[in-house]
Amino acid sequence: MRKVIGIGETVLDIIFRDSQPVSALPGGSTFNAIISLARSGVTTRFISETGNDHVGSIITSFLEQNGCPATSVSIYPDSKSPLSLAFLNEQNDADYVFYKDHPNDRLDFVMPDIQADDIVLFGSYYALNPVIRRQVYEFLAFAREQGAILYYDVNFRAAHQSEVVRLRSNLLENFELADIVRGSSEDFEVLFRKTDAAAIYRSEIMFYTHRFIYTRAAEPIEVFSDGGFHKQYPVAPVQTVSTVGAGDNFNAGLLFGLIRDGITRQQLEQGLSEQQWDRLIASGQAFSAEVCASLQNYVSPAFGDARRQELL
């Protein structure tokens, strides 16, 4: 059975509205997507680290409760688990502040079994961090050798803008490893000072991989792929409660679509049809819209149960 393996940070997300906390949930970009996929019936694994504290226990217990083993989450006794504070504005978009108190960044995990056409989800600063780069790169390179599909969510925050030059070689390695790259307009404005999707694809992405998904909040999604394929997908209006997790769950929905539709790495490399891309993007949008309608970072169990039927 195909599975999705995520590698990324874990945090406790505390969401504020009008300067008051309204929600506290386990989170992290890849973590959110993995929970949504597990709730939707996809076999998942997650590689990460956390502290030996109450927050760490919440995170590992939450993984297990949602059907994703925590065996590849390293727990460090001398670390405090990180926190993420998300402040919602009037449009329910979030401004983030991160608190991390790890004395040292480390990554020491049990390597999960990886088979051909499994999917590896990676991204954010975690996939670029020089301190753990060797371990992350070795894992990604091994997964690619095994024939897995690698999906890279750039998700680069403005807080790290001063590190762009130092991290560029790691970023380009990630582009080269990936079968699909997904990034937002904010990511590429911070990284390259560019906002035109076609220009970003031609100058920064196409040399490394031909499959690129560009998102711009409520603006149309743009997809570039093999054979000169390019299409825009309008985003339906959604009455948002919170946009925390919107992009993470777009990723989850698209990966769910890859598994539901039986799309293999070989098919990706041969080039997907317009109809296949239509279904994948629609799946990503459905997951994202579901999350925007609540304060949760992941799809609801009821939404996930309905998706399970699509896998049968």
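Residues numbered from 1 in each chain as written. Predicted model: local features only at pLDDT ≥ 70, side-chain atom pairs only at ≥ 80, totals over all residues. Heavy atoms only, no water.

(A) Representation of the packing of aromatic side chains. Following the criterion strictly, the structure yields 18 aromatic pairs and no others. Where Phe-175 meets Tyr-208, the ring centres are 6.2 Å apart and the plane angle is 45 degrees; that geometry is what we call tilted. Of this pair, Phe-175 sits in helix H4 (residues 164–177) while Tyr-208 sits in the loop between helix H6 (197–205) and strand S11 (212–216), and the two are 33 residues apart along the sequence. When the ring of Phe-188 is compared with that of Phe-192, the centres are 6.0 Å apart and the planes differ by 15 degrees; the resulting orientation is stacked. In this pair, Phe-188 and Phe-192 are both assigned in helix H5 (residues 185–192), four residues apart and thus about one turn of the helix distant. Here Phe-188 matches Phe-192 in class, with each residue buried. (Phe/Tyr/Trp six-rings, centres within 6.5 Å; stacked < 30°, edge-to-face > 60°. Helix = DSSP H or I, 4+ residues; strand = E, 2+ residues; numbered from the N terminus. Buried < 20%, exposed > 50% of the residue type's maximum accessible area, 1.4 Å probe, protein only.)

(B) Highlighting the side chain of Ser-23. Structurally, the position occupied by Ser-23 is in strand S3 (residues 20–27). Since its relative accessible area comes to 15%, Ser-23 is described here as buried. For Ser-23, the residues in contact, after removing those within four places along its chain, are Asp-13, Ile-14, Ile-15 and Leu-295. (Contact = heavy atoms within 4.5 Å.)

(C) Local environment of H4. Here H4 spans 19 Å end to end across 14 residues, near enough to the 20 Å set by a 1.5 Å rise per residue. The principal kink in H4, of about 30 degrees, is found at Asn-170. Taken together, the buried positions of H4 are Val-164, Leu-167, Asn-170, Leu-171, Leu-172, Asn-174, Phe-175 and Leu-177. In this fold, the buried residues of H4 make contact with strand S8 (119–123), helix H3 (133–145), strand S9 (149–153), strand S10 (180–184), H5 and H6. (Expected span 1.5 Å × (residues − 1). Bend = angle between axes of the 7 residues up to and from the residue.)

(D) Molecular detail of helix H7 (residues 246–260). Taking 1.5 Å of rise per residue, 15 residues should cover 21 Å, and H7 covers 21 Å from first to last C-alpha, within 8% of that figure. Counting buried positions along H7 gives 14 out of 15 residues, so the element sits mostly inside the fold. Of the residues one or two after H7, Gly-262 is the one with positive phi, at around 65 degrees.

(E) Focus on the sheet that holds S11. Read across the sheet, nine strands follow the order S5-S4-S1-S8-S9-S10-S11-S12-S13 without closing on themselves; strand pairing throughout is mixed. The open sheet terminates on both sides in strands that have one partner only, identified here as strand S5 (73–76) and strand S13 (229–233). Recorded for the sheet is a direction-independent mean angle of 15 degrees between the axes of neighbouring strands. Relative to S8, strand S1 (residues 3–7) runs parallel, the two being bridged by four bridges. Note that in S8 the partner of Ile-7 across the bridge is Phe-122. Sitting on the sheet, H6 touches S10, S11 and strand S12 (219–225), and the angle it makes with S11 is about 140 degrees. This element, helix H9 (residues 274–292), spans S11, S12 and S13 of the sheet and lies at about 35 degrees to S13. (Pairing = 2+ DSSP bridges. Axes fitted to C-alpha atoms, helices over the stretch in contact; angles between N-to-C directions.)

(F) Summary view of the nonpolar core. Grouped together as the largest cluster of nonpolar side chains are 48 residues, with contacts concentrated most on Ile-213, Leu-254 and Leu-255. In terms of residue count, H7 provides more of this core than any other element does, seven residues in total. Membership of the second largest hydrophobic core comes to 41 residues, among which are Leu-107, Ile-132, Ala-148 and Val-164. (Core = buried A, V, L, I, M, F, W, Y, C linked by side-chain atoms within 4.5 Å.)

(G) The arrangement of the packing of H7 against H9 in detail. Running from amino to carboxyl end, H7 crosses H9 at an angle of 140 degrees, the nearest separation of the two axes being 7 Å. Judged by the inter-axis angle, H7 sits oblique to H9. Regarding H7 and H9, the two cross each other, and that crossing is right-handed. Listed contacts from H9 to Ala-246, Asn-249, Phe-250, Ala-252, Gly-253, Leu-254, Phe-256, Gly-257, Leu-258 and Arg-260 of H7 are Arg-279, Leu-280, Ile-281, Ser-283, Gly-284, Gln-285, Phe-287, Ser-288, Val-291 and Cys-292. (Parallel < 35°, antiparallel > 145°, perpendicular 65-115°, else oblique. Left-handed = near helix turned anticlockwise from the far one by under 90°.)

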